[in-house]
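# Summary of the model geometry
Now for the letters of each chain:
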Amino acid sequence: MKLISSPAKAWEEISMEEDRRKVYMAFVYPMIGLCGLSVFIGSLLTNGWGGPQSFQIAMTNCCAVAVALFGGYFLAAYAINEMGTRMFGMRSDIPLAQQFAGYALVVPFLLQIVTGLLPDFRIIAWLLQFYIVYVVWEGVPVLMGVEEKLRLRYTLFSSALLILCPTVIQIVFNKLTAILN
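Residues numbered from 1 in each chain as written. Predicted model: local features only at pLDDT ≥ 70, side-chain atom pairs only at ≥ 80, totals over all residues. Heavy atoms only, no water.

## Let's talk about the overall build of the chain
Across its full length, the chain holds 9 helices and 0 strands. Put simply, the chain runs from its N terminus to its C terminus through helices and strands in the order α-α-α-α-α-α-α-α-α. Relative to the globule expectation of 16 Å for 181 residues, the C-alpha radius of gyration of the chain, 17 Å, shows essentially globular dimensions. When the backbone C-alpha atoms are referred to their principal axes, the chain occupies close to 55 × 35 × 30 Å. (Helix = DSSP H or I, 4+ residues; strand = E, 2+ residues; numbered from the N terminus. Rg over C-alpha atoms; globule rule 2.2 N^0.38 Å.)

Here's what the structure looks like:
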């Protein structure tokens, strides 16, 4: 919650973590689980509880979100690391990029939980997802060590990757599911 309310302080605390891989078990995996659960419950509430069809739809939606967030997290972390080395002359550090991406995805995680339970808020969530730019803006110099003159470009590219990677994976997953059904 500190990343949402005061990102600068949160990034300072995160930068002091010694184990960069702690982000998986302590944050990313539980958040993906909560997102999947909220989508599952929201889908059952929307489609009703009767019949195997509603359960199948709920499971498919739950899986789509889980796959999108899981794959999107790792894809975004890899892409941010590659972007840093190729475009910004940074050294390759996958665990650091994964830590950065994991915590920066707090905004999409929370929005997915809310829209999973309350699907009518999708338009508001679509607008609020751009709050990730501010969260990333605060984290870039602290955690990633990006110079001030490169901060805006790095922030915009990282934010775009963090927003687009899970979204593209979810779209592809949903298309494949529709085709294979």
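Now that the structure is up, let's keep going.
## Digging into the UniProt feature "transmembrane region" (unreviewed entry) in the chain
Residues annotated in UniProt with the feature "transmembrane region" (unreviewed entry) correspond here to residues 23-45, 57-80, 100-118, 124-144 and 156-173. Secondary structure over residues 57-80 splits into 100% helix and 0% strand, and the C-alpha atoms at its two ends are 33 Å apart. Taken end to end, residues 124-144 has its terminal C-alpha atoms 30 Å apart, with 86% of it in helix and 0% in strand. (UniProt positions renumbered as here; feature names shortened; annotations may be inferred.)

## Side note on the side chain of Arg151
Along the chain, the position of Arg151 falls in helix H9 (residues 151-180). Apart from residues no more than four positions distant in its own chain, Arg151 is found in contact with Trp137, Glu138, Val140, Pro141 and Val146. (Contact = heavy atoms within 4.5 Å.)

## Remarks on the packing of helix H4 (residues 51-87) against helix H5 (residues 94-104)
Two elements in contact, H4 and H5, have axes whose closest approach is 8 Å; the angle formed by their N-to-C orientations is 125°. When the axis of H4 is compared with that of H5, the two are oblique. When the axes of H4 and H5 are compared, the crossing they make is right-handed. In this structure, H4 uses Tyr73, Phe74, Ala77, Tyr78, Ile80 and Asn81 to contact H5, whose residues at the interface are Ile94, Ala97, Gln98, Phe100, Ala101 and Gly102. When its residues are assigned to classes, the contact of H4 with H5 shows 9 nonpolar, 3 polar and no charged. (Axes fitted to C-alpha atoms, helices over the stretch in contact; angles between N-to-C directions. Parallel < 35°, antiparallel > 145°, perpendicular 65-115°, else oblique. Left-handed = near helix turned anticlockwise from the far one by under 90°. Nonpolar A, V, L, I, M, F, W, Y, C, P; charged D, E, K, R; others polar.)

## Description of the environment of Leu44
Residue position: Leu44 is located in helix H3 (residues 22-47). It is 38 Å that separates the C-alpha atoms of Leu44 and Asp19, two residues lying 25 residues apart in sequence. Leave out the neighbours within four places in its chain, and Leu44 touches Trp49, Ser54, Phe55 and Ala58.

## So, the nonpolar core
Most often, soluble globular proteins have nonpolar side chains that are buried together. In terms of nonpolar packing, the biggest core is built from 43 residues, with Trp11, Phe109 and Leu162 touching the most fellow members. Residue assignment for this core shows that the elements contributing at least two residues are helix H2 (7-15), H3, H4, H5, helix H6 (106-117), helix H8 (132-144) and H9. Looking at this core, the element that brings in the most residues is H3, giving 8 residues. Sequence-distant contacts of Trp11, that is, excluding residues within four places in its chain, are made with Leu3, Phe100, Tyr103, Ala104, Val135, Glu138, Gly139, Val142 and Leu143. (Core = buried A, V, L, I, M, F, W, Y, C linked by side-chain atoms within 4.5 Å. Buried < 20%, exposed > 50% of the residue type's maximum accessible area, 1.4 Å probe, protein only.)

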